[in-house]
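Here are the chains, one letter per residue:
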Amino acid sequence: MITSPLVRRFLTWFVTLGRRSLLAVLSAAAFASTLCAAASPSTDRLFLSGHDRDDAVPWDFRCSTGARAGEWGTIPVPSNWELHGFGTLSYHNASPADEGDYRRSFTAPADWRDRRVFLVFDGVMTDTTVRLNGQAVGPVHRGGFYRFKYEVTQLLHPGSENLLEVHVAETSADESVNRAERTGDYWNFGGIFRPVWLEAVPRDFIERVAIDARADGRFTADVVVNGPGSSEAVTAQIMTLDGKQVGLPVSAKRSASGVVRLETRVDHPALWSAETPHLYRVELELREGDRVVHRSSERFGFRTFEIRHGDGFYLNGHRIILQGADRHSFNPESGRCLAERDHREDIRLMREMNMNAVRM
């Protein structure tokens, strides 16, 4: 039994308010929340796979030939399918006819409805055909060792279940790709061997950045802006990795081509070298008036490489001799699919052998 007059008065007011008014208040709150989400200047990621072999995520999978041919099962992604009992092991210039089919269901955040979304593959061996919700996302990608992505804004169903289907042919239809990637003195593998994720950005966003930071402190950044919106300028602030500002921010207007060039100079920067790999960070903001449309950040080092004819190779004004080796990103247990600990162990071994260079 409610005895407090104040509580009884509040409950009477609440009932009098009525369902219609209450729904209006809740709708307004939801609308405001949606506006805040849509206005987010960040780049948001949703991983559909693991980040590497240490936290791989199971996807549905079947292989066309070899072991377990035609049988639907599950496989960790990222991975190479031969290391999980599927397909045909091949060495050097053998060209197996293995093809793999992957399936993955997922739900994208509902507040991505007003954002542009890209589907990103960090590495797939080798020819890759992708469908989202039954529709092709773009042309076949050929080449196993570099990142590629598709814009899927119009195909994605935010807030609902989506179906991703990926078809992978281990041997490429392009012979130049096979000669470059699949005729070396090593085992050949197939599959999604690096992570897969969705990337949500504002309608106007910073697509990529090319940085030239010289040993004398000169800094140039070519910023490519993507989108038809009314963003006007890009501002950059150089920072140390522990968050201290270096110099003053610099800004430049967006050109008709969408490329913004930013230039400044830093006094006495800590230089990057193999022995002293000092790094900085540049924080970039795409702006429309006083409003930040998109934020991006890149790490870089101040350094100058030059080749002096008849003399040699110079770094930051000092002549150096390159001492290094090829690195093929390979692990005897997981093939081409690696983890951060694998990379760090290789770096440790190279440093122990006094290497200062590596050819990927």
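Criteria and thresholds
- Residues numbered from 1 in each chain as written.
- Predicted model: local features only at pLDDT ≥ 70, side-chain atom pairs only at ≥ 80, totals over all residues.
- Heavy atoms only, no water.
- Core = buried A, V, L, I, M, F, W, Y, C linked by side-chain atoms within 4.5 Å.
- Buried < 20%, exposed > 50% of the residue type's maximum accessible area, 1.4 Å probe, protein only.
- Helix = DSSP H or I, 4+ residues; strand = E, 2+ residues; numbered from the N terminus.
- Contact = heavy atoms within 4.5 Å.
- Pairing = 2+ DSSP bridges.
- Axes fitted to C-alpha atoms, helices over the stretch in contact; angles between N-to-C directions.
- Polar contact = N/O pair within 3.5 Å; in protein donor to acceptor, adjacent residues only side chain to side chain.

### Overview of the nonpolar core
Grouped together as the largest cluster of nonpolar side chains are 30 residues, with contacts concentrated most on Trp 59, Tyr 102, Leu 119, Leu 164, Val 166, Ile 192 and Leu 198. Elements with a minimum of two residues in this core: strand S2 (57-63), strand S3 (73-77), strand S5 (99-107), strand S6 (116-121), strand S8 (127-132), strand S10 (148-151), strand S11 (161-169) and strand S14 (196-201). Residues in contact with Leu 198, not counting those within four places in the same chain, are Asp 44, Arg 45, Leu 46, Leu 48, Phe 106, Trp 112, Val 117, Phe 118, Leu 119, Val 152 and Leu 156. Of all hydrophobic cores here, the second largest spans 22 residues; its members include Ala 221, Val 246, Tyr 280 and Val 282.

### With respect to the sheet that holds strand S18 (residues 245-253)
Pairing is antiparallel across the open sheet formed by 4 strands, whose spatial order is S18-S17-S20-S21. For this open sheet the edge positions go to S18 and strand S21 (291-300), each flanked by a neighbour on one side alone. Sheet twist, expressed as the average angle between the axes of neighbouring strands with direction ignored, equals 20 degrees.

### Structural notes on the side chain of Asn 162
Along the chain, the position of Asn 162 falls in strand S11. The exposure class assigned to Asn 162 is buried, which follows from its relative accessible area of 1%. A polar contact of 2.8 Å, which involves the side chain of Asn 162, links it to the backbone nitrogen of His 157. If we skip the residues at most four places from it in the chain, Asn 162 touches Arg 104, Ser 105, Phe 106, Thr 107, Ala 108, Leu 132, Asn 133, Leu 155, Leu 156 and His 157.

### Focus on the side chain of Arg 116
Structurally, Arg 116 can be placed in strand S6. The exposure class of Arg 116 is buried, given its relative accessible area of 10%. There is a polar contact of 3.1 Å between the side chain of Arg 116 and the backbone oxygen of Arg 203. Sequence-distant contacts of Arg 116, defined by excluding residues within four places in its chain, comprise Glu 151, Thr 153, Glu 199, Ala 200, Val 201, Pro 202, Arg 203, Phe 205, Asn 226 and Gly 227.

### Here we look at the sheet that holds S5
Spatially, 6 strands are ordered S3-S2-S5-S11-S8-S9 in an open sheet, and the strand pairing comes out antiparallel. Lying at the two open borders of the sheet, with one neighbouring strand each, are S3 and strand S9 (135-136). Strand direction decides the pairing type here: S2 and S3, joined by 5 bridges, are antiparallel. The partner of Asp 60 across the bridge, within S3, is Thr 74.

Keep in mind that these numbers describe shape and distance, not what the molecule does.
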